Amino acid sequence: MKDMDNVRHVLPKTPSKFMHRLRAFIRAKNLAYKTEQTYCFWIKRYIFFHHRQNPQELTPQHVEQFLHSLAVVDNVSVGTQKIALNALAFLYNQFLKQPLGQIHITKAKVHKRIPTVFSHKEAIAIIQALTDPWKLLANLMYGSGLRTSEAIKLRVKDLDFDNQIILIRSGKGDKDRRSILPDSLYPELKQQINLVIKVHHKDLHDGYGSVYMPKALNRKYKNGAKELAWQYLFPSESLSRDPRSGIIRRHHVHERSLQRNVKKAIQAAHVTKHASCHTFRHSFATRLLEQGNDIRTVQELLGHADVKTTEIYTHVLHKGVLGVKSPVDSL
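To keep things clear, this report deals only with the structure shown in the data block. Bear in mind the structure is a predicted one, so any value in this text is a computation, not a measurement. (Residues numbered from 1 in each chain as written. Predicted model: local features only at pLDDT ≥ 70, side-chain atom pairs only at ≥ 80, totals over all residues. Heavy atoms only, no water.)

1. Section: the packing of aromatic side chains
Phase 1: Across all of its chains, the model carries twelve aromatic pairs by this definition.
Phase 2: Residues Phe-161 and Tyr-186 carry aromatic rings whose centres are separated by 4.9 Å and whose planes lie at 85 degrees to one another, so their mutual orientation is edge-to-face. Note that Phe-161 is positioned in the loop between strand S1 (159-160) and strand S2 (165-168) and Tyr-186 in helix H8 (residues 186-205), a separation of 25 residues in sequence. The pair formed by Phe-161 and Tyr-186 is uniform in burial state, with each residue classed as buried. (Phe/Tyr/Trp six-rings, centres within 6.5 Å; stacked < 30°, edge-to-face > 60°. Helix = DSSP H or I, 4+ residues; strand = E, 2+ residues; numbered from the N terminus. Buried < 20%, exposed > 50% of the residue type's maximum accessible area, 1.4 Å probe, protein only.)

Next comes the structure, spelled out in structure tokens:
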């Protein structure tokens, strides 16, 4: 089912196919599933670029040819080229044990892009055009700076009302972090938890109610899978068969469903900017900096590894160069 297509599928016990062996190796390294998907995507693309030749028979020069084509023919961004290089470095340096060594890369052109940001008025108009659970999810993305994937994967236990903290588990880079929990959302969040309780009680009554537990936590917390605390805050409307275990479970809402509903709300609010769910996160960061919050604090709340990533939001503040008065306004 669609709400389960972002979870790892079961691999053969003794993988023989190349991609199956690669996936098994990635999982043995405890890398995030999104990393697995990304690495496999670029490695497949590399293999097809070289007419399905076995990567073991290819040389560092073949890697250079592929990366050159990405930059010159496909005109990808620097970030995309780096992701492809990371995938191939993992393939050769770790999986195949054939170190790439020093390779020469035709670097992709640097495209300096300023993030799209909603005004507060626009953000509220879009949120008001949504219905729950999408409305509450959008409020969390704007009010707490969550990524789409982080918002839909929240569990009941991740909300700390007393300390006004929201816990983000295994965010980008498989890192945990904390962000602010807007007190204005307390009534809606508690109402959402009540809905989760009703759904969970029904699932338990029907012989289900077990939720997916990440990594080895199902062994550490033997009864945790059926506890309310571990249930997803935004459960799917239907049960699904977990491809990893075959167990019928209730997963969280699907990321694409949230993205689709937000896209419709942007249109309904007559916002003409090229925007998406992620624009709420950009807007969260910009609002905090406008309020005079320290950039290091904003960096921590966003979970950026490098403050330079956070600094891009200083370019969209309504101060500095863009805060000057236009000469035409003095006429």
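Read on, since the account is not over.
2. What to know about the pattern of salt bridges
Oppositely charged side chains can pair when the atoms bearing their charge come close.
Phase 1: Under the definition given, this model contains 13 salt bridges.
Phase 2: Among the salt bridges present, the one from Asp-203 reaches Arg-250, with a minimum N-O distance of 2.7 Å. With Asp-203 in helix H8 and Arg-250 in the loop between strand S5 (248-249) and helix H10 (255-268), this pair connects stretches of sequence that are 47 residues apart. There is no split in this pair, since Asp-203 and Arg-250 are both buried.
Phase 3: The partner of Asp-242 in a salt bridge is Arg-249, and the shortest N-O contact between them spans 2.7 Å.
Phase 4: Among the charged side chains, a salt-bridge network with shared partners connects Arg-23, Arg-27 and Glu-36. (Salt bridge = Lys/Arg side-chain N within 4 Å of Asp/Glu carboxyl O.)

3. Thoughts on the sheet that holds S2
Phase 1: Ordered by their spatial adjacency, three strands build an open sheet running S1-S2-S3, and the pairing between neighbours is antiparallel. Where the open sheet ends on each side, the last strands, each with one partner, are S1 and strand S3 (177-180).
Phase 2: Bridge analysis of S1 against S2 gives two bridges, and the strand direction is antiparallel. Paired with Leu-159 across the strands is Ile-166, a residue of S2. (Pairing = 2+ DSSP bridges.)

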